[in-house]
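Residues per chain, in single letters:
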Amino acid sequence: MAYWLVKSEEHIYSIGDLKRDRVTSWDCIRNYQARNYLREFAVGDRVLFYHSSSEPTGIGGLAKVARKAQPDQTQFDPKSEYFDPKATKAAPRWFSPELQFEKLFTEFITLAELRKVAALKKMVLLQRGSRLSVQPVTAAEFSAILKLADA
DNA sequence: GCCAACGTTGGC
DNA sequence: GCCAACGTTGGC
C-alpha cells in the first residue's frame, strides 16, 4: 500500500466538502509530475488531505483511493477552464482517481507543526519551494503524522 | 498583495 | 535543445 498527500485550496474544495460528498473525482490537475503520481494511485492507498491558501495551512484529515485514475473528463470539455485542446479520447493527457473520505482530524495539523517534527525533515511537502499538488509520502512519515493527529 | 520558486511556452 | 519570458503556486 502506498501513501500520498494531495493539496487543495480550502475555499475551493476542503476536507469538509469531501466528508459531505463522501467520494470525489480528483480532477483538474494539470501538472505532469502530479499526473504521473495520480496514475500510480491504487485502490486502498491512503491520502493526507492538505489545505493550502488557508489560515493556517496544514493537514485536515485522511482520504482513501476509491478508484484508480481514469481520463479526466474536464480535458475534453471546451467550456471548461481545464479544457486541453491537445488531449483526445484516444490519447488523454490528464487523469483523475476517485478519493473517498476517511476521517477529519480532531486536531488540524499546521504546516508550522509539521516543520518541527524531526521525522518529517525529508518530507516532500517541507522541501524548499515544493509546489507539487500531489506528492508521495513514506510509511514512516505517514505514521508520524497519524501520531501527531492522535489518529 | 508580495514575491520566491518553479513549470511551461515558444522563438530561435 | 536552449533559454528568456511569462504564468502559477502558495507561504507569509
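Scoring rules and cut-offs
Residue numbers restart at each chain and count upward from 1, following the sequence in its written direction. Here chains are named by letter from A upward and ligands by number from 1 upward, in the order in which they appear as written. Selection of residues for local features in this predicted model requires a pLDDT of at least 70, selection of side-chain atom pairs for listing and counting requires 80 or more, and totals for whole chains, interfaces and linings are taken over all residues. Derived side-chain values reflect all non-hydrogen atoms in the structure, with water molecules and hydrogen atoms excluded from consideration. Throughout, near means a residue has at least one heavy atom within 4 Å of the molecule or strand. Whenever two N or O atoms come within 3.5 Å, that pair is a polar contact, provided that in protein one can donate a hydrogen and the other can accept it, and provided that, for residues adjacent in sequence, both atoms are side-chain atoms. Only Asp, Glu, Lys and Arg are considered charged, only Ala, Val, Leu, Ile, Met, Phe, Trp, Tyr, Cys and Pro nonpolar, and every remaining residue, Gly among them, polar. Strand pairing is assigned whenever DSSP detects at least two bridges linking the two strands. Only DSSP runs of H or I with at least four residues qualify as helices, and only runs of E with at least two residues qualify as strands; both kinds are numbered from the N terminus onward. Angles shown run from 0 to 180 degrees and are taken between the N-to-C directions of axes, each axis being a line fitted to C-alpha atoms and, for helices, limited to the stretch in contact. Only Phe, Tyr and Trp rings are paired, with Trp represented by its six-membered ring, and only when their centres lie within 6.5 Å; those with planes under 30 degrees apart are stacked, over 60 edge-to-face, the remainder tilted. Each residue gets one of three labels from its accessible area relative to the maximum for its type: buried under 20%, exposed over 50%, partly exposed in between, using a 1.4 Å probe on protein chains only. As a reminder, the over-ring test applies to NZ of lysine and CZ of arginine, requiring each to be within 6 Å of the ring centre and within 35 degrees of the ring normal.

## Some thoughts on the protein's contact with DNA strand B
Then comes step 1: With respect to spatial proximity, the complete set of residues near DNA strand B consists of Asn31, Tyr32, Arg128, Gly129 and Arg131.
Then comes step 2: Close to the protein, within 4 Å, the atoms of DNA strand B belong to sugar or phosphate groups at a rate of 68%.
Then comes step 3: Separating a phosphate oxygen of DNA strand B from a side-chain N or O atom of arginine 128 is a distance of 2.8 Å.
Then comes step 4: For DNA strand B, a base oxygen lies 2.5 Å from a polar atom in the side chain of arginine 131.
Then comes step 5: Class assignment of the residues belonging to the surface near DNA strand B gives a composition of one nonpolar, two polar and two charged.

## Re the sheet that holds strand β2 (residues 23-25)
Then comes step 1: The strand order β2-β5-β4-β3-β1-β6 describes an open sheet built from six strands, whose pairing is mixed. Edge positions in the sheet fall to β2 and β6 (134-137), since each has one partner strand and no second. Taking each pair of neighbouring strands and ignoring which way they run, the sheet shows an average axis angle of 35°.
Then comes step 2: Here strand β3 (residues 46-52) runs beside strand β4 (residues 58-71); their pairing, made up of six bridges, is antiparallel. Residue pairing across strands places valine 47 opposite alanine 63, the latter belonging to β4.

## Side note on the packing of aromatic side chains
Then comes step 1: Tallied over the full model, the rule gives six aromatic pairs.
Then comes step 2: When the ring of tryptophan 26 is compared with that of phenylalanine 49, the centres are 5.6 Å apart and the planes differ by 80°; the resulting orientation is edge-to-face. Of the two residues, tryptophan 26 is situated in the loop between β2 and α2 (32-40) and phenylalanine 49 in strand β3; the sequence distance between them amounts to 23 residues.
Then comes step 3: By relative accessible area, tryptophan 26 is classed as buried at 6%.
Then comes step 4: Three or more aromatic residues link up through ring pairs in this structure, and these residues are Trp4, Tyr37 and Phe41.
Then comes step 5: Above the plane of the ring of phenylalanine 95 lies arginine 39, whose end atom (NZ or CZ) is 4.2 Å from the centre.

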